[in-house]
Amino acid sequence: MVEAVLIDLFSLPANLQNDIQGLLRNTLETVEKCFSIPAPFVYVMCCKRQGSERNGEQESLLPALTDFQSLKKRLEVVHALTTAAALYTIKQRLDEKDLSIIKVILPTLRKDLMKVYIDHLFTAVYHFEFEDLQLASDCENLQIAEPQSEEQTLPTQDVALIRSEIQMYLESLPSLKGELTILRSSLIPDAIFLHGFTTRTGGISYIPSLSSCNLFSSCKRRDPQVVVKENLRRLANAAGFNPDTFHRVKIDHANAVCVMGKTEPDSYDGIVTNQKGVTIAAPGADCIPVLFADPVRKACGAAHSGWKGTLLGVSMATVNAMVSEYGCNVKDILVVLGPSVGPCCYKLPHESAKEFHRIDPKCVRLFDSASPYIDIRRATRILLERGGILPENIQDDSVTDQNQNITFCTACHPDKFYSHFRDGTNFGTQIGFISIKD
């Protein structure tokens, strides 16, 4: 069932401009008549001319907006200077109401253009149907999903202009939840490495569970890739790295490691490099983002260590890659465990807890319960030490020095960090990143 209707009056062809009020009135009448109760939310998208007053433009449409009582509280006119700005504003309205099935009524000539905007600003969470503006007065046309037609491809230069318009608009948006904050470890030498762990502040993501510096997009979340890219650009500016040479692990919750400069695996949870100016990163939203630095051989690594990856030894797999690829001595490698869910909050089913109990009984609390508490950080430290990493070369603030403020519990600090365990499926992601300075 259609939850929202978007009427695009943004750039009407000349033959439709003379009767914009009549066109809108007919469309609204059809929407009011054809859709079930409650009526869908309706958003009318209009172009705001440079220097014009919004109220003046809205008043010109008022005659067409009266007498639609069932739509009165569900109808909004959105004026903006660009299509990107108007669509992003409407997306915010949709997300506030958790709506995802949208009928778009627009001039035929705008359809291919609109699809490019939608592909960039929305994710697979949303479902769009399209209807020609001149046919929208027919109830049958409006309620039937469009037939699958052959996709028209916009010229490359047009797509590039749309991308540029979206990027410029997103760059103009204010940061949310305060300034962008980067946590840094005193264990990793600043003279050789640039590194840090992000928090959730200082980006533009506005959905409560993703706000505001979310650094991961997927088909299951409402944050599109363009927003994540803008958050990354702001992070790169603040941290001092080049976002064009940024590489993030491709999560598989396993122990594969990518060596920069060699063939990239399809998925991997560890990554290593000795190339200067290349920034590598691992995400975390309860899972541990682990950073590795060898100041002697000037090599570094990053790993994403969830409970599965921890049991599969992803951290030592990353260490071993540094040893085999760059000749690192395991005793020179420094390891920092980033913000992650602590043993105060994290539970697993009893069968999975048994695996951690085998590593060390102290990794499990309330072992006899159906869902014991698990300390994945302790398990990670033990496996690293067994592999030859010196205990003094591992930073885990939860046991070493809580004043360092790196290894927070993500679930316990909703103001600072994202948490899958706490927030559910539409959760945000922070990262740990590291590079070798030029």
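Keep in mind that what you see is a predicted model, and the values were worked out from it rather than measured.

A. Examining the packing of helix H5 (residues 111–121) against helix H7 (residues 156–172) more closely. Close contact between H5 and H7 brings their axes to 10 Å; oriented N to C, the two are set at 45 degrees. With respect to H7, the axis of H5 lies oblique. Considering only the axes of H5 and H7, their crossing is right-handed. For the pair formed by H5 and H7, the contact residues are Leu113, Val116, Tyr117, His120 and Leu121 on the first element and Val159, Ile162, Arg163, Glu165 and Ile166 on the second.

B. View of the environment of Glu179. Relative to the assigned elements, Glu179 resides in the loop between H7 and strand S6 (182–183). Given a relative accessible area of 69%, Glu179 falls into the exposed group. Apart from residues no more than four positions distant in its own chain, Glu179 is found in contact with Thr201 and Gly202.

C. Quick look at the pairing of strand S3 (residues 75–80). Burial runs high along S3: 5 of the 6 residues are buried. Here 6 bridges tie strand S2 (residues 41–47) to S3, and the two strands are oriented parallel to one another. Residue pairing for S3: Cys47 is matched across the bridge by Ala80.

D. Structural detail: the domain arrangement of the protein. Here the protein is described as being made up of domain 1 (4–135 + 159–171) and domain 2 (175–436). The centre of domain 1, based on its C-alpha atoms, is set 41 Å off from the matching centre of domain 2. With 18 residues of domain 1 in contact, the opposing surface of domain 2 contributes 16 residues. The contact between domain 1 and domain 2 buries some 1,300 Å² in all, and 55% of this surface belongs to carbon and sulfur atoms. At the junction of domain 1 and domain 2, the tally comes to 3 salt bridges. Residue Arg222 pairs with Asp95 through a salt bridge whose shortest N-O separation is 2.6 Å. The tally of links between domain 1 and domain 2 comes to 11 residue pairs in polar contact (both at pLDDT 80 or more).

Quick notes on the rules
- Residues numbered from 1 in each chain as written.
- Predicted model: local features only at pLDDT ≥ 70, side-chain atom pairs only at ≥ 80, totals over all residues.
- Heavy atoms only, no water.
- Axes fitted to C-alpha atoms, helices over the stretch in contact; angles between N-to-C directions.
- Helix = DSSP H or I, 4+ residues; strand = E, 2+ residues; numbered from the N terminus.
- Parallel < 35°, antiparallel > 145°, perpendicular 65-115°, else oblique.
- Left-handed = near helix turned anticlockwise from the far one by under 90°.
- Contact = heavy atoms within 4.5 Å.
- Buried < 20%, exposed > 50% of the residue type's maximum accessible area, 1.4 Å probe, protein only.
- Pairing = 2+ DSSP bridges.
- Domains from an automatic or database assignment.
- Buried area = accessible area lost by both parts, 1.4 Å probe.
- Salt bridge = Lys/Arg side-chain N within 4 Å of Asp/Glu carboxyl O.
- Polar contact = N/O pair within 3.5 Å; in protein donor to acceptor, adjacent residues only side chain to side chain.

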